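Descriptive analysis of the structure
The residues making up each chain are set out below.
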Amino acid sequence: MRRTTTLKAIAGLAATSLLLAACGGGGDGGSETTAAGGGDGGGEASGGKAMRLALNQTEEHPSYIALDNWGTALDEATGGNWSIDVFPNETLGAQAEALQLVSDGSVDMAVVSSPQLENLNPDFKAFEMPGVFDNIDEQLAALNDPEINSELFASLEASQKITVLGVFTQGQRSVYTSFGEVQTPADLAGKKIRVQETDKWVAIATALGGSATPMAFGELYTGLQAGVVDAAENNEVSYWTQKHYEVAPYYSYTSHIIGADYVIINTDVLNSMSEEDKAAFLEGFADASAEHAGLWEASTQDAIDQATAGGATFYEIDNTPFKEALAAIVPDLLDNENQQALYDALVAAAG
Ligand code: GCU
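Described in the following lines is the structure provided in the data block. (Residues numbered from 1 in each chain as written. Predicted model: local features only at pLDDT ≥ 70, side-chain atom pairs only at ≥ 80, totals over all residues. Heavy atoms only, no water.)

For the chain, the count of helices and strands is 14 helices and nine strands. Out of the 351 residues in the chain, the part that is buried amounts to 56%. Partitioning the contacts of the chain with sequence separation of at least 6, the portion at a separation of at least 24 is 77%. Roughly 13800 Å² of accessible area belongs to the chain as shown, and the carbon and sulfur atoms make up 49% of that amount. (Helix = DSSP H or I, 4+ residues; strand = E, 2+ residues; numbered from the N terminus. Buried < 20%, exposed > 50% of the residue type's maximum accessible area, 1.4 Å probe, protein only. Contact = heavy atoms within 4.5 Å. Areas by Shrake-Rupley, 256 points an atom, 1.4 Å probe, with all protein chains shown as cover.)

Okay, here's the thing in structure tokens:
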């Protein structure tokens, strides 16, 4: 209960800072032709713009629930000028494509995992490293702190027209396999483990003991089923909602990293909102962030229960060998002073 309240407070605080920055920071939103069909926030329901948001999760996932509710609230708050249609299950494309589509303006918004942004600006790596945070509260407080993130989150605006609104947690990620429990890196020797598509994740999987196989999220179920990969790693929520437990029923708590998802919007679309609508949009994001954080814990427990009922086994293990192997590669993963400085700021914030 208390934990949920803290999470909500943190998420709300972070989004409020963004709101203040946007309103007070000389933003020029509304000066261009609005994407809402030329309206300027006049409050009419007709001619409003339904922004399309690309998501690779199912409708049961907290991200879908929080974003869908935000869309409905935004419609009301802007008198029908703006709303959000969430397209789940990769229907607008896998994350790498969705990122490109947001950049070129054909899709308005998306949720993308950290590695996707790392491919555009490697400094994002620092925001998702093993061993920094003990829990989600710490992660959200640090990653959503504007003192730490504001430069990084704006870094893709000029070159890619991508504005980062904020972070949704991915929770702790752990390893699951089709062949049995994993207790030490040696148990993954010679096994193919699916990772997200970056060098950082290849290095992480290698340190975990496996043979890294980069693959898009949506291909993983069949990859596990067909034996293209023997293992994967993710949080319990995705493990359940993607039905991976059906083909990889052994989930071992390696708890090797707390992952970060980013909610992004095309910069021109954001700037085409009137000041009033933009304020409502950012307030709505604060609420969505709080709702997501609040839903996470219960969704995780529900996922464990459902996957267990479906035949999965969750193994509590001593994860020290995994932690040590990952700590050893962190210095190699940070490849410039900027990344090191961001990493150090997060470590300091985590306390
Ligand atoms: C999590 C995360 C997704 C990501 C996925 C993956 O489910 O929320 O954004 O795509 O992991 O491993 O690819």
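Moving on, there is more to tell.
On to the packing of aromatic side chains, then. Aromatic ring pairs: the centre-centre distance and the angle between the two ring planes describe each pair. Under the defined criterion, the tally for this structure stands at 15 aromatic pairs. Aromatic pair Phe124 and Tyr262: ring centres 5.4 Å apart, planes at 80 degrees, arrangement edge-to-face. Taken together, the positions of Phe124 in the loop between helix H4 (114-118) and helix H5 (136-143) and Tyr262 in strand E8 (residues 250-266) put the pair 138 residues apart, joining distant regions of the chain. Across this residue pair, the class does not change: Phe124 and Tyr262 are buried. Seen in terms of ring centroids, Tyr176 and Tyr251 are 5.9 Å apart; in terms of plane orientation they differ by 10 degrees. Their pairing is stacked. Placement of the pair is Tyr176 in strand E4 (residues 162-177) and Tyr251 in strand E8, with a sequence separation of 75 residues. On the accessibility criterion, Tyr251 (0% relative accessible area) is buried. (Phe/Tyr/Trp six-rings, centres within 6.5 Å; stacked < 30°, edge-to-face > 60°.)

Along the polypeptide, Ser178 turns up in the loop between E4 and strand E5 (192-195). Taking C-alpha positions, Ser178 is 8.8 Å from Val229, a pair spaced 51 residues apart along the chain. Those residues in contact with Ser178, other than ones at most four positions away along the chain, are Asp230, Val247, Ala248, Pro249 and Tyr250.

Before going further, it helps to spend a moment on the site of the ligand. The ligand sits among Asn56, Gln57, Gln95, Ser113, Gln170, Arg173, Arg194, Gln196, Phe217, Asn234, Ser238 and Asp261. With respect to the ligand, the side chain of Asn56 contributes an N or O atom lying 2.9 Å from an oxygen atom. Asn234 places a side-chain nitrogen or oxygen 3.0 Å from an oxygen atom of the ligand. Residue composition of the shell around the ligand, by class: one nonpolar, eight polar and three charged. Shared between two domains, the shell around the ligand takes at least three residues from each, and those domains are domain 1 (10-170 + 260-303) and domain 2 (174-257 + 304-346). (Near = heavy atom within 4 Å. Polar contact = N/O pair within 3.5 Å; in protein donor to acceptor, adjacent residues only side chain to side chain. Nonpolar A, V, L, I, M, F, W, Y, C, P; charged D, E, K, R; others polar. Domains from an automatic or database assignment.)

Turning our attention to the pattern of salt bridges. Counting across every chain of the model gives six salt bridges. Of the charged contacts in the structure, one is a salt bridge between Lys49 and Asp108, with a shortest N-O distance of 2.9 Å. Placement of Lys49 in strand E1 (residues 49-54) and of Asp108 in the loop between helix H3 (95-104) and strand E3 (109-113) is noted, with a sequence separation of 59 residues between them. For the pair formed by Lys49 and Asp108, the shared burial category is buried. Arg173 is the partner of Glu233 in a salt bridge, and the nearest nitrogen-oxygen pair spans 2.9 Å. Of this pair, Glu233 sits in strand E7 (residues 231-234) while Arg173 is found in strand E4, placing the two residues 60 residues apart along the sequence. Each member of the pair Glu233 and Arg173 is classed as buried. Taken together, the salt bridges that share partners define one network made up of Glu118, Glu128 and Lys200. (Salt bridge = Lys/Arg side-chain N within 4 Å of Asp/Glu carboxyl O.)

Checked against the element boundaries, Ala205 lands in helix H8 (residues 199-207). Since its relative accessible area comes to 1%, Ala205 is described here as buried. Sequence separation between Ala205 and Leu188 is 17 residues; the distance between their C-alpha atoms is 9.4 Å. Not counting chain neighbours up to four residues away, the residues in contact with Ala205 comprise Ile193, Val195, Gly210 and Ala212.

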